[in-house]
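# A closer look at the structure
Listed below are the residues making up each chain.
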Amino acid sequence: YTVNSVFSGKEAINMLNKRVFDLVITDIAMPEINGSDLIEYINNNDEFKHIPIIIISGIDEDDIKNMVTQYNVLKYFLKPIKREEFMDEIHNVLQ
């Protein structure tokens, strides 16, 4: 797989506007624009809302779990993640 990595939600939005992506994997706790706002941005934009999203986070809150059902979030992995399960999910999404 080709992977692009960014440091913040703001950088992720800039990257989304420059390239085409098959999947977005995000944390919730990020500088400038957090993962929740990034997910909302993706889902409120017709150009991006078809992109599946996976969350990896150390935050275990009901708000995040509600976001999974409200937005286009395929899976929510709570850190630490199991590598094999994570890679299987990515493989299934990108097939």
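Structural data are supplied above this passage.
This text gives an overview of the structure that appears in the document. (Residues numbered from 1 in each chain as written. Predicted model: local features only at pLDDT ≥ 70, side-chain atom pairs only at ≥ 80, totals over all residues. Heavy atoms only, no water.)

If you walk through the whole model with that rule in mind, you get five salt bridges. Between Glu32 and Lys10 there is a salt bridge, and its shortest N-O distance comes to 3.8 Å. Of this pair, Glu32 sits in the loop between strand S1 (24-26) and helix H2 (35-43) while Lys10 sits in helix H1 (residues 9-16), and the two are 22 residues apart along the sequence. The class of Glu32 is exposed, set by a relative accessible area of 57%. Between Asp27 and Lys79 there is a salt bridge, and its shortest N-O distance comes to 2.8 Å. Linking Asp27 in the loop between S1 and H2 with Lys79 in the loop between strand S3 (73-78) and helix H4 (83-94), this pair joins segments that are 52 residues apart in sequence. (Salt bridge = Lys/Arg side-chain N within 4 Å of Asp/Glu carboxyl O. Helix = DSSP H or I, 4+ residues; strand = E, 2+ residues; numbered from the N terminus. Buried < 20%, exposed > 50% of the residue type's maximum accessible area, 1.4 Å probe, protein only.)

Along strand S2 (residues 53-57), five of the five residues are buried, which leaves the element largely enclosed by surrounding structure. With burial as the criterion, each face of S2 is covered, one bearing Ile53, Ile55 and Ser57 and the other bearing Ile54 and Ile56. Examined bridge by bridge, S1 and S2 share three bridges and lie parallel to one another. Note that in S2 the partner of Val24 across the bridge is Ile53. Following the chain from S1 across H2 to the adjacent parallel S2, one finds a crossover that is right-handed. Remark: the S2/helix H3 (residues 62-70)/S3 crossover connection has right-handed handedness. (Pairing = 2+ DSSP bridges. Right-handed = clockwise from strand over helix to strand, strands pointing away.)

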